[in-house]
Amino acid sequence: MPFQLPPLPYPYHALEPHIDAMTMEIHHGKHHGTYVANLNKALEGHEAAEWPIEKIMEQVSRFPVAVRNNGGGHYNHSLFWTLLKPGGSAPTGAVLEAIQREFGSFDAFRDAFTQAGLNRFGSGWAWLIVNAEKKLQITSTPNQDNPLMDVAEVRGIPVLGMDVWEHAYYLKYQNRRADYINAFYNVINWDEVSRLYQQAVK
Ligand code: MN
């Protein structure tokens, strides 16, 4: 199969108590696994089955909706696992300076990013992107859309993504999305955010 479920870069329980092991196991194995299986099915016999997922995202409007939903699910989750890290970390260097420049302070960024996650009605994602002007910007997308997609309202290169689908938090937090979002900040892999930022502004 051309698209594969990437292994989780840490054990299921590694993000406890902020994100519980059962949520991680189902989220990675079942939810992401199903996006991969359905993406492969949707692209069977199509040349795009050999393309990098980013290339498909950039012209997703040309594909059936199953590619938008499952290809988005595959790209988003492949990125999401790498943006989490047991014990978390703190932003430093160029990305921290850019956050302070664009949002005034890290706390102001955190408030705005939290609001983007809280205000996303139903299922979707909050994003920190590098936009066409090479500036950091917060946005959000419905369902499994993402800012790489040619159908996205606000386009750019994601450097941080937060899954606010109920499947990302319901077992531990039930309807309390705000509690999940607060916990999310304890497990962000800022080293990876920083790497993605420096790559995106090059
Ligand atoms: Mn998810």
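A. Just the overall build of the chain, in detail. What the chain contains, in helices and strands, is eight helices and three strands. Listing each helix as α and each strand as β along the chain from the N terminus yields α-α-α-α-α-β-β-β-α-α-α. In terms of overall size, the chain behaves like a compact globule, its C-alpha atoms giving a radius of gyration of 16 Å where 202 residues would be expected to give roughly 17 Å. Dimensions of the chain, computed from the C-alpha atoms along their principal axes, are close to 50 × 40 × 30 Å. Classification of the 202 residues of the chain by burial places 50% in the buried group. In the chain, of all internal contacts separated by at least 6 residues, the share reaching a separation of at least 24 is 67%. Carbon and sulfur atoms make up 51% of the accessible area of the chain, which amounts to about 9,500 Å² in all. Counting 17 positive and 21 negative side-chain charges, the chain places the centres of these two groups 2 Å from one another.

B. Main features of the environment of F80. Residue position: F80 is located in helix α3 (residues 65-82). Separated by 81 residues in the primary sequence, F80 and G161 place their C-alpha atoms 6.3 Å from one another. Here F80 is in contact with H27, W125, G161, M162, D163, Y180 and F184, once residues within four sequence places are set aside.

C. Inspection of the coordination of the manganese ion at higher detail. At this site the manganese ion is bound by H27 (NE2), H77 (NE2), D163 (OD) and H167 (NE2), with donor distances of 2.0 to 2.1 Å. Here the donor residues of the manganese ion share one chain and are spaced in sequence as H-x49-H-x85-D-x3-H.

D. Up close: the packing of aromatic side chains. Scanning the entire structure with this criterion turns up 13 aromatic pairs. Between F80 and W125, the ring centres sit 5.3 Å apart and the planes meet at 90°, which makes this aromatic pair edge-to-face. Taken together, the positions of F80 in helix α3 and W125 in strand β1 (residues 124-130) put the pair 45 residues apart, joining distant regions of the chain. Both residues of the pair, F80 and W125, belong to the buried class. The ring of W51 carries K55 above its face, with NZ or CZ at 4.1 Å from the centroid.

E. Quick look at the nonpolar core. Residues L43, I56, F113, L160, Y180 and F184 are the most contacted members of the largest nonpolar core, which totals 62 residues. Dropping the residues within four chain positions of it, L43 is found in contact with F3, A48, A49, I56, F63 and V67.

F. Focus on the sheet that holds β1. Spatially, the three strands line up as an open sheet ordered β2-β1-β3, and their pairing is antiparallel. Looking at strand neighbours, the two that pair on one side only are β2 (136-142) and β3 (157-163), the edges of this open sheet. On average, each strand axis in the sheet is inclined to that of its neighbour by 25°, with strand direction left out of account. Across six bridges, the pairing between β1 and β3 is antiparallel. Bridged to I129 within β3 is P158.

G. Examining the packing of helix α4 (residues 93-103) against helix α5 (residues 106-119) more closely. In contact at an axis separation of 8 Å, α4 and α5 are set at 75° when each is read in the N-to-C sense. Classified by the angle their axes make, α4 and α5 are roughly perpendicular. Here L96, I99, Q100 and F103 of α4 lie close against α5, whose contacting residues are F106, A108 and F109. For the contact of α4 with α5, the class distribution of residues is six nonpolar, one polar and no charged.

H. Local environment of a nonpolar patch on the surface. Residues M22, I26 and L171 make up a contiguous nonpolar surface patch of about 280 Å² in total accessible area. Here I26 lies in helix α1 (residues 21-42). Overall, the relative accessible area of 33% leaves I26 in the partly exposed class.

What counts as what
- Residues numbered from 1 in each chain as written.
- Predicted model: local features only at pLDDT ≥ 70, side-chain atom pairs only at ≥ 80, totals over all residues.
- Heavy atoms only, no water.
- Helix = DSSP H or I, 4+ residues; strand = E, 2+ residues; numbered from the N terminus.
- Rg over C-alpha atoms; globule rule 2.2 N^0.38 Å.
- Buried < 20%, exposed > 50% of the residue type's maximum accessible area, 1.4 Å probe, protein only.
- Contact = heavy atoms within 4.5 Å.
- Areas by Shrake-Rupley, 256 points an atom, 1.4 Å probe, with all protein chains shown as cover.
- Lys, Arg positive; Asp, Glu negative; His and termini not counted.
- Charge placed at Lys NZ, Arg CZ, Asp CG, Glu CD.
- Donors = N, O, S within 2.8 Å, 3.2 Å for Na, K, Ca; no water.
- Phe/Tyr/Trp six-rings, centres within 6.5 Å; stacked < 30°, edge-to-face > 60°.
- Lys NZ or Arg CZ within 6 Å of the ring centre and 35° of its normal.
- Core = buried A, V, L, I, M, F, W, Y, C linked by side-chain atoms within 4.5 Å.
- Pairing = 2+ DSSP bridges.
- Axes fitted to C-alpha atoms, helices over the stretch in contact; angles between N-to-C directions.
- Parallel < 35°, antiparallel > 145°, perpendicular 65-115°, else oblique.
- Nonpolar A, V, L, I, M, F, W, Y, C, P; charged D, E, K, R; others polar.
- Patch = residues over 30% accessible without salt bridge, like charges linked within 9 Å, V, L, I, M, F, W, Y side chains within 5 Å.
- Salt bridge = Lys/Arg side-chain N within 4 Å of Asp/Glu carboxyl O.

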